[in-house]
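# Residue-level structural notes
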Amino acid sequence: MPIYAFTGSLTRPMPQYGAANGQGLGRLLFDDETGALSHAELTGGIDDTAWLVPDPQRARLYSTFEATGTNQSAIAVYTVETSGLRRLGAQQTLGNEACHASLSTDGRFLLVANYNGANPDGYPDAALTVFPITDNGLGAPTASVAYEGHGPNPDRQTTAHAHCVVQSPTTEILYVSDLGIDKLIAYALDKAGGLIRQPGKDFSFPPGLGPRHLVFHPDGNSLFVVSELIPTVMSLAIDPVTGALTRRDAFRIPARNGGIVQPAGILLAPDSRHLVVALRVSNEILVLRIGNNGRLTQTARVPSGGETPRDLCFSPSGKHLVVANQDSDRLTVFRVDHAAGTLSEPLQHFDIGTPMSVKLAAF
């Protein structure tokens, strides 16, 4: 069964992202023994992909994108075939700057977060939209919600900015991390794809922290959040009875030599004992060990292999880490030492235009 690395790229210059040298979606072959990437093909006709979701069970790939002449983002659906990617269709997301998506735990729904960075009056502004997955692609949304509010940062928190949505691996609860209002917002996802607010399971961060992405421990009893505005990784416990979140630890990521630290992606390692975080601007990868009671300690902090590491993913075996260095037009591959919580020197740099998202999966 081949392992593919899928990449989504920025194809047009955009103020919030910068220069663009991408050409659409890339599908690369990946050798999980050696860590080698090799070119397969590029799929054009899709602009400014910020996030990808592989769906190996259905041999599909879901991609956010921005379509010229519309007032909202969209999600495209592709079948993954030996000859390439074949587009099935697309759905608009009911909001703007779609920046994250994930499958529901049961695989029946696609959950999409819209950042809504600078929406003109009257534009769609859903922060979270739920799509049913159908035989033909995606159905019409079953639910959507918009947020109001702001935080203390005058440059980044004038309005709400949903940045990530993930459902618990063990319950019906899903969380949206909102950078603009410093909150995790909780919902129950019902069997029809409806959203039921669960305010008792929300979590409020210190003002101005700017939560970006989150990951669950597979046992469903804890989760970890990386914040962008005040660079921090927070460890949270989930009460098994009430579902309430409590803080266990917070690792404040220090700047080096007076530089800027701006976290992006966060992953839980396959051993469930380490977290890996991409640090933009400083162009580094941070590795943290998860200790007793969720305490976080640094085990490695290494150069990312390029500029602006925006996204990153583990290979199916967990032996390798692939980093999308957005402003260097390259993917960088590292070997992972899970016992030590460290990364090798780069094994390979693979040139590809403005990679915004990278995902590996066996199809």
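For the structure, see preceding data.
The rules behind the values
- Residues numbered from 1 in each chain as written.
- Predicted model: local features only at pLDDT ≥ 70, side-chain atom pairs only at ≥ 80, totals over all residues.
- Heavy atoms only, no water.
- Helix = DSSP H or I, 4+ residues; strand = E, 2+ residues; numbered from the N terminus.
- Rg over C-alpha atoms; globule rule 2.2 N^0.38 Å.
- Contact = heavy atoms within 4.5 Å.
- Areas by Shrake-Rupley, 256 points an atom, 1.4 Å probe, with all protein chains shown as cover.
- Pairing = 2+ DSSP bridges.
- Axes fitted to C-alpha atoms, helices over the stretch in contact; angles between N-to-C directions.
- Phe/Tyr/Trp six-rings, centres within 6.5 Å; stacked < 30°, edge-to-face > 60°.
- Buried < 20%, exposed > 50% of the residue type's maximum accessible area, 1.4 Å probe, protein only.
- Lys NZ or Arg CZ within 6 Å of the ring centre and 35° of its normal.

### Topic: the overall build of the protein chain
Counting its secondary structure elements, the protein chain contains 0 helices and 31 strands. A compact globule built from 363 residues should have a C-alpha radius of gyration of about 21 Å, and the protein chain, at 19 Å, falls within 12% of that. Taking the principal axes of the C-alpha coordinates as reference, the protein chain spans close to 50 × 45 × 35 Å. Put simply, 48% of the contacts in the protein chain that link residues at least 6 apart link residues at least 24 apart. Total accessible area on the protein chain is roughly 14,100 Å²; 50% of this is exposed by carbon and sulfur atoms.

### Description of the sheet that holds strand β3 (residues 36-43)
The strand order across the open sheet built from 4 strands is β3-β2-β1-β31, with neighbouring strands paired in antiparallel fashion. The open sheet is flanked by β3 and β31 (355-362), the only strands paired with a single partner. On average, each strand axis in the sheet is inclined to that of its neighbour by 25°, with strand direction left out of account. Sheet topology note: the strand β1 (residues 3-9)/strand β2 (residues 25-31) ladder contains 4 bridges and is antiparallel. Looking across to β2, one finds that F6 is bridged to R27.

### What to know about the packing of aromatic side chains
Considering all chains together, one arrives at 5 aromatic pairs under this definition. Note on Y4 and F6: the rings are 5.9 Å apart at their centroids and 55° apart in plane angle, and the pair reads as tilted. On the accessibility criterion, F6 (0% relative accessible area) is buried. Lying across the ring of W51, K359 places its NZ or CZ 3.8 Å from the centre.

### What to know about the environment of V302
Its place among the elements puts V302 in strand β25 (residues 296-303). Among the residues examined, V302 registers a relative accessible area of 19% and is labelled buried. In contact with V302, other than residues within four places in its own chain, are N283, E284, I285 and L343.

### Some words on the sheet that holds strand β20 (residues 232-238)
Taken in spatial order, the 4 strands make up an open sheet running β18-β19-β20-β21, and their pairing is antiparallel. The open sheet has two free edges, formed respectively by β18 (211-216) and β21 (245-252), since each of these has just one partner strand. Pairwise comparison of adjacent strand axes, ignoring direction, gives a mean angle of 25° for this sheet. For β18 and strand β19 (residues 222-227), the ladder comprises 5 bridges, and the chain directions are antiparallel. Bridge pairing in β19 places V215 opposite F224.

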